[in-house]
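As a plain string of letters, each chain reads:
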2 protein chains.
Amino acid sequence: MARSKVGIKDVAVAAGVSVGTVSNVVNRPEVVAAATRVRVQSVIDELGYVRDGSARQLRSGTSRTMALLVLDLANPFFVDVARGAEQAAQEAGLQLITCNSGQRVDTESAYLAMLTEQRVRGVLLSPVDTCGERLARFRRGGIPHVFVDRTVPAGEACSVAVDDVAGGELAARHLVESGHRHIAFVVGPRILAQCRDRETGVRNALAAAPAPKRRLSVLDAPALDVSSGRDAGARLLGMSPRPTAVFCANDLLALGVLQALVAADVRVPDEMAIVGYDDIEFAGAAAVPLTSVRQPAARIGHTAAELLIAETSDRDGVPHEHETVVYMPELVVRASTQVRRR
Amino acid sequence: MARSKVGIKDVAVAAGVSVGTVSNVVNRPEVVAAATRVRVQSVIDELGYVRDGSARQLRSGTSRTMALLVLDLANPFFVDVARGAEQAAQEAGLQLITCNSGQRVDTESAYLAMLTEQRVRGVLLSPVDTCGERLARFRRGGIPHVFVDRTVPAGEACSVAVDDVAGGELAARHLVESGHRHIAFVVGPRILAQCRDRETGVRNALAAAPAPKRRLSVLDAPALDVSSGRDAGARLLGMSPRPTAVFCANDLLALGVLQALVAADVRVPDEMAIVGYDDIEFAGAAAVPLTSVRQPAARIGHTAAELLIAETSDRDGVPHEHETVVYMPELVVRASTQVRRR
DNA sequence: CTCCCCGGTTAATACGTTTCAGCTGGTTCG
DNA sequence: CGAACCAGCTGAAACGTATTAACCGGGGAG
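Sequence order as written defines the numbering, with residues in each chain counted from 1. Lettering for chains starts from A, numbering for ligands starts from 1, and both go in the order in which the items are written. Restriction of local features to residues with pLDDT of at least 70 applies here, the model being predicted, together with a cutoff of 80 or more for giving and counting side-chain atom pairs; totals for whole chains, interfaces and linings are based on all residues. With hydrogens and water stripped out, all remaining heavy atoms of the structure feed into the side-chain values.

Our next topic: the interface of chain A and chain B. Two residues qualify as a contact provided that any one of their heavy atoms is within 4.5 Å of a heavy atom in the partner residue. Taken together, the 45 residues of chain A in the interface contact 45 residues of chain B. When two parts are brought into contact, each loses some accessible area as probed by a 1.4 Å sphere; the total of that loss over both is the buried area. Both sides together, the interface formed by chain A and chain B hides about 4,000 Å², and carbon and sulfur atoms give 54% of it. For salt bridges, the criterion is a side-chain nitrogen of Lys or Arg within 4 Å of an Asp or Glu carboxyl oxygen. The interface formed by chain A and chain B includes two salt bridges. Salt-bridge contacts for Glu117 of chain B lead to Arg51 of chain A; the nearest nitrogen and oxygen are separated by 2.8 Å. A 3.5 Å cut-off defines polar contacts: any pair of N or O atoms within that distance qualifies, except that in protein one atom must be a possible hydrogen donor and the other a possible acceptor, and neighbouring residues in sequence count only when both atoms are side-chain atoms. At the boundary of chain A and chain B, one finds 18 residue pairs in polar contact (both at pLDDT 80 or more). Secondary-structure elements contributing two or more residues to the side of chain A that touches chain B are helix 4 (53-60), helix 5 (76-91), strand 2 (95-100), helix 6 (105-118), helix 10 (226-238) and helix 11 (251-263) of chain A. Strands here mean DSSP runs of E at least two residues long; helices mean DSSP runs of H or I at least four residues long; both are numbered from the N terminus. Broken down by element, the side of chain A that touches chain B gets its largest block of residues, six residues, from helix 6 of chain A. Residues are grouped as follows: nonpolar covers Ala, Val, Leu, Ile, Met, Phe, Trp, Tyr, Cys and Pro; charged covers Asp, Glu, Lys and Arg; every other residue, Gly included, is treated as polar. A breakdown of the residues in the side of chain A that touches chain B according to their chemical character gives 21 nonpolar, 15 polar and nine charged.

Written out as structure tokens, the structure reads:
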């Protein structure tokens, strides 16, 4: 079991052949004579030779793995994005590695630095902040990348996203049409474009609503997760006058708010309606099934990966045109906004 | 913006020093004179030089990244494991990449092959099947690895797991003590040791229960996910006589079963009690908050990563002792098994 | 018979880095 | 005054692979 360092050279001498031939057996079997091929292959199996990715990549200059760097893997939305991207990568014969920045800028740039050093084929990127200096440096680094769940000025890079302004409008309009006059919006860190855009959508919808004037209360949450949602829910309960409906910037926040309401015996939706965002699988299974704004998560990942693959395949001479894909969100109405049998 | 290929050599000539000096500036700044250091560094910044990971690793022979290969990233339990592992890696100055086998054997071995070629420092592994030939080949490959959420015969490798038999017992005993006579167990693919062990625990608990004899119905689910849970829930509803309690091999299944019950207007826990496994965050936020068996997910990941790091740090000459860590699960009782104000 | 081509193989080179032995000029010690 | 040393730097040798030009023996075309 001499597992120490068997290289192409060892295989070559053991098979009585040159290293070039061994390389051919591994990478282009069709060019080597059948007899030689099986002999070399059997030596490879016997010795347990595995080619060395570093040397291979150093020599060839290109990698066969791409990366997905997401904002928050604890959010099932991004897990679905990853699933879609993984499938597209697999279809193209590439490997995908997933990295999680956890909404932290420094973790994000650490990963970007590592991926740059590794010379990955490309990166699918859902960055914390589009404007930061660290991100700009990465982009100057010349590694192909596609923005995911985030748009970017046309021509700068490919991007695949959902119209978050429209999504915010969708949610707020639904609440307005359900007769709510005082609506709360629980928003995450404003550094996230998603949060800013959804807020814009909410304000648009309220401004466009027919008289009478609606009131909007905005509650800030420090992060887009369940425990921040619980906090926000507690604050919501303390408000006076209390809003009759709440829209949350994502489903994790909404689930947290819901927990706080249920714990305080506030009836949903009778006393407080709730709308979430993302329509993660758990939204429909919640204490009160959540009305939510659905995004085609897996398709976003799949499309983004396809764009990246297109960008990194050498189309000899043909220059790459950056492309921007924007999907439209869709409102899924459930019990959390439907007053039952009056 | 000539982003094409700036290597250490380009930096060297631009700064008027030798390549060795540039390498030192990057890797051991303390050995080079301050004046030279700042000059070289400024050239590096200006040219946007990034050292090449492949060449670096090829030369030095060791990698600074380790990998985590999980069974199912859609299960928040594994996301927590990843979080713990990531933290431990970061503490040791290593990078962690996460790969998702999605409970598919072929995807798993594709990732293992890639990680082997890449010569990663080590792999944290929660395999689909401990016995398969493909896994055996990987293990012969000599890449250090630690099993996660899965025990392995002592001495073969390190492993960090939770006592699943005890967990199954915990859940079943709780239901027995709540007075249930006919219990259903929704189990996932038996190829997963977790499923087998939890079933063993259930049978142990029932065998050990005082008279009268309890009845056990086992329902097979094709996968450990929510939609399989919904299917199982539908089958459960069709049973006659119908069990009065159901224990699910994980929380995703339990949430699916719960959805099916709620949709059919079956009251939980009055008509049907439910126990899940993993105590994921969403279990407490479900339609009826779920009683569940909690596992210390983040700690599992953290400990496993620490073991791997210990195994791969050269303790000059001291041979590595494989270690097995087993945590005990804990029952968290919630509304899904507590009949309310009778 | 010569020439050329062809399938199959070899030997050499380059990829970008790290490392290490050695060179330099200057300073301190005996 | 010479020897020994020092900091700071240089230059070349690997690391394991993919690639390419060259080589070789034999068979078909001319």
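As a further point, take the packing of aromatic side chains. Two measures describe an aromatic ring pair: the distance that separates the ring centres and the angle between the ring planes. Residue and element names in this part refer to chain A. Stacked, edge-to-face and tilted are the three classes for Phe, Tyr and Trp ring pairs, Trp counted by its six-membered ring, which pair at centre distances within 6.5 Å; planes under 30 degrees apart are stacked, over 60 edge-to-face, the rest tilted. In this structure the tally under the stated criterion is seven aromatic pairs over all chains. Plain terms: the ring middles of Phe77 and Phe78 are 5.0 Å apart, the flat faces sit at 70° to each other, and that makes the pair edge-to-face. Note on accessibility: Phe77 and Phe78 belong to one class, buried. Taking the centre distance of 6.2 Å and the plane angle of 40° together, the rings of Phe247 and Tyr277 count as tilted. With Phe247 in strand 8 (residues 245-248) and Tyr277 in strand 9 (residues 273-278), the pair connects residues that are 30 residues apart, well separated along the chain. Think of it in three bands: residues with accessible area under 20% of the maximum for their type are buried, residues over 50% are exposed, and the middle band is partly exposed, with areas taken using a 1.4 Å probe on protein chains only.

Turning our eyes to something else, we now look at the sheet that holds strand 8 of chain A. Residues and elements named next belong to chain A. With respect to topology, six strands assemble into an open sheet ordered 7-6-8-9-10-12, the strand pairing being mixed. Of all strands in the sheet, those bounded by a partner on one side alone are strand 7 (215-220) and strand 12 (330-332). The average undirected angle you get between the axes of adjacent strands in this sheet is 20°. Being paired, for any two strands, means DSSP has found at least two bridges between them. Direction of pairing for strand 10 (residues 291-294) relative to strand 12: antiparallel, over a ladder of three bridges. Counted as the bridge partner of Val293 is Leu331 from strand 12. A fitted line through C-alpha atoms serves as each axis, taken over the contacting stretch for helices, and the angle formed by two N-to-C directions is quoted from 0 to 180°.

Residues separated by three or four positions in an α-helix point in the same direction, a consequence of the helix having 3.6 residues per turn. Residues and elements named next belong to chain B. Among all positions in helix 7 (residues 133-140), only Leu135, Phe138 and Arg139 are buried. Here the buried residues of helix 7 occupy an arc of 100° about the axis, which is enough to place them on one side. Positive backbone phi, approximately 85°, marks Gly142, located one or two places after helix 7. Each direction from the helix axis to a C-beta atom contributes to the arc, which is the arc of those directions.

Among buried residues, those of type Ala, Val, Leu, Ile, Met, Phe, Trp, Tyr and Cys that are joined through side-chain atoms within 4.5 Å constitute a nonpolar core. By size, the foremost hydrophobic cluster in this structure holds 190 residues, and its most contacted members are Leu124 of chain A together with Leu124 of chain B. If sequence neighbours within four positions are ignored, Leu124 of chain A has contacts with Met66, Ala67, Leu68, Leu69, Ala85, Val146, Val148, Ala304, Ala305 and Leu308 of chain A. Residues Val17, Val32, Val43 and Ile44 of chain B belong to the second largest nonpolar core, which totals twelve residues.

Mapping Arg198 of chain B onto the fold places it in helix 9 (residues 193-208). Excluding anything up to four places from it in sequence, Arg198 of chain B contacts Asp164, Gly168, Phe185, Ala249, Asn250, Tyr277, Asp278 and Gln295 of chain B.

Before going further, it helps to examine the pairing of strand 4 (residues 145-148) of chain B. Residues and elements named next belong to chain B. Side chains His145 and Phe147 of strand 4 all project onto a buried face; the interleaved residues Val146 and Val148 project onto the opposite face, where all are buried too. The handedness of the strand 3 (residues 123-125) to strand 4 crossover, carried by helix 7, is right-handed. As defined by bridge partners, strand 4 adjoins strand 5 (residues 158-162) across three bridges and the pair is classed as parallel. The partner of Val146 across the bridge, within strand 5, is Cys158. By convention, orient the strands away from the viewer: a clockwise path from the first strand over the helix to the second makes the crossover right-handed.

On to the domain arrangement of chain A. Residue ranges assigned to the domains are those given by an automatic or database domain assignment. Entries for chain A in the domain assignment read domain 1 (8-51), domain 2 (67-159 + 308-323) and domain 3 (164-295). Placing the centre of domain 1 of chain A and that of domain 3 of chain A at their C-alpha centroids yields a distance of 63 Å.

Before going further, it helps to examine the sheet that holds strand 9 (residues 273-278) of chain B. All names here are of chain B. Spatial ordering of the open sheet is given by 7-6-8-9-10-12, a layout of six strands whose pairing is mixed. Strands at the two margins of the open sheet, each flanked by one partner only, are strand 7 (215-220) and strand 12 (330-332). Averaged over all adjacent pairs, the angle separating strand axes in this sheet is 20°, with direction ignored. With respect to the sheet, helix 11 (residues 251-263) is in contact with strand 6 (182-187), strand 8 (245-248), strand 9 and strand 10 (291-294), its orientation differing from that of strand 9 by roughly 155°.

This brings us to the protein's contact with DNA strand D. Whether a residue is near a molecule or strand is decided by its heavy atoms; if any one of them lies within 4 Å of it, the residue is near. In the region of DNA strand D, 22 residues are neighbours, and Ile8, Arg56 and Arg59 of chain A together with Thr21 and Thr36 of chain B sit closest. The share of sugar and phosphate among atoms of DNA strand D within 4 Å of the protein is 65%. Within the side chain of Ser23 of chain A, one N or O atom sits 2.8 Å away from a phosphate oxygen of DNA strand D. Asn27 of chain A places a polar side-chain atom, nitrogen or oxygen, 2.9 Å from a phosphate oxygen of DNA strand D. Elements represented by at least two residues in the surface near DNA strand D include exactly helix 2 (19-27) and helix 4 of chain A together with helix 2 (19-27) and helix 4 (53-60) of chain B. Of the residues contributing to the surface near DNA strand D, the split by class is seven nonpolar, nine polar and six charged.

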